[in-house]
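The chain contents come next:
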Amino acid sequence: MKKIIAINAGPRKNWNTDKLIKEAAKGAESAGAEVEYISLFDIEKHTGCVSCFGCKQQKSFGKCVCRDGLYDVLEKIRNADGLIIGSPNYLSDMTASFRALYERLIFQVLTYNVEKPNCNEHMIPVILIMTSNCAEEMYDQIGYTDKLESYKSTFEKFVGPTKVLTCGNTLQVSDYSKYDWTMFDPAAKQEHHDKTFNSYLERAFELGKNM
């Protein structure tokens, strides 16, 4: 049985990013995979790469040695057959927790060797999910498209073939009246969510199923 690791790098439970990740996980399960779900905001304190270069030394080559909350997560990914990972967009990038995992997942297998820049011998498929308050038709203009392409390219070089799912113009809160957010039309936000979000869930399910 294939083992898939599904990781929520966002803080919110049962909201946009979380729902899409879990739907992709359901798709993988429908095809016979076993899925383990991890919320990065529920694990022990963790950081990004600390430049100890332990992963470059012979005794621990290709393996992050920093023993914080991400150590076991990296081990699980190392032994998995697929990775589903999602994050909301915060200030034009992924969350800090996503970046921490991303840095350590990639850097541990980057060799600085011209002949063989990647020492990962177990490449696995990846589903990368990003949600955003910004509408997807604005992605090219504000740089989100380039950002996602950069992540996709790096994942494909060091982890495995990567599919990207974006979901824009998301419903951020259930009650906009609590906030003085004059930029938004709450009724239009809700209408867009009601009309479109199920289609994103369906796409996430199919990506997971096809993984």
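Use the structure listed above.
Predicted model, so just to flag it, every value in this text is computed and none were measured. (Residues numbered from 1 in each chain as written. Predicted model: local features only at pLDDT ≥ 70, side-chain atom pairs only at ≥ 80, totals over all residues. Heavy atoms only, no water.)

1. Observations concerning the overall build of the chain
A count of helical and extended segments in the chain gives six helices and five strands. The helix and strand sequence of the chain, counted from the amino end, reads β-α-β-α-β-α-β-α-α-β-α. The C-alpha radius of gyration computed for the chain amounts to 18 Å, which stays within 12% of the reference 17 Å derived for 211 residues, consistent with globular compactness. Taken along its principal axes, the extent of the C-alpha atoms in the chain is 60 × 35 × 30 Å. (Helix = DSSP H or I, 4+ residues; strand = E, 2+ residues; numbered from the N terminus. Rg over C-alpha atoms; globule rule 2.2 N^0.38 Å.)

2. Considering the nonpolar core
If you look at the biggest cluster of nonpolar residues, it comprises 35 residues, and the most contacted ones within it are Ile 7, Ile 77, Leu 83, Ile 85, Phe 98, Leu 101 and Phe 155. Of all elements in the fold, only strand E1 (3-8), helix H2 (70-78), strand E3 (82-88), helix H3 (96-107), strand E4 (126-131) and helix H5 (144-158) reach the threshold of two or more residues within this core. Looking at this core element by element, the count peaks at six residues for H3. With residues near it in sequence (within four places) discarded, Ile 77 still touches Ile 5, Ile 7, Leu 83, Leu 101, Leu 105 and Ile 124. Core analysis: the next-biggest nonpolar cluster, separate from the first, contains 18 residues, Ala 6, Ile 84, Ile 127 and Leu 165 among them. (Core = buried A, V, L, I, M, F, W, Y, C linked by side-chain atoms within 4.5 Å. Buried < 20%, exposed > 50% of the residue type's maximum accessible area, 1.4 Å probe, protein only. Contact = heavy atoms within 4.5 Å.)

3. Observations concerning the pattern of salt bridges
In a structure, side chains of opposite charge can pair up when their charged atoms sit close to one another. Throughout the structure, instances matching the rule amount to 13 salt bridges. The residue Arg 104 makes a salt bridge to Asp 68 at a minimum N-O spacing of 2.8 Å. One end of the pair, Arg 104, is in helix H3; the other, Asp 68, is in the loop between strand E2 (34-39) and H2, and 36 residues separate them in sequence. For Arg 104, a relative accessible area of 3% corresponds to the buried category. For Asp 68, a relative accessible area of 17% translates into the label buried. What emerges from the salt-bridge pattern is a single network uniting Lys 3, Glu 36 and Lys 76. (Salt bridge = Lys/Arg side-chain N within 4 Å of Asp/Glu carboxyl O.)

4. Some details on the sheet that holds E4
Within the open sheet, the five strands sit side by side as E2-E1-E3-E4-E5. Their pairing is parallel. Because the sheet does not close on itself, it has two edges, and the strands there are E2 and strand E5 (162-167). Neighbouring strand axes in the sheet, compared pairwise and without regard to direction, differ in orientation by 15° on average. The pairing of E4 with E5 spans six bridges and is classified as parallel. Note that in E5 the partner of Val 126 across the bridge is Thr 162. In the packing of H2 onto the sheet, the strands contacted are E1, E2 and E3, and the crossing angle to E1 comes to about 145°. Of the strands in this sheet, E1, E3 and E4 touch H3, which is tilted by about 145° from E3. (Pairing = 2+ DSSP bridges. Axes fitted to C-alpha atoms, helices over the stretch in contact; angles between N-to-C directions.)

Scope: geometric values only; no functional claims are made or implied.
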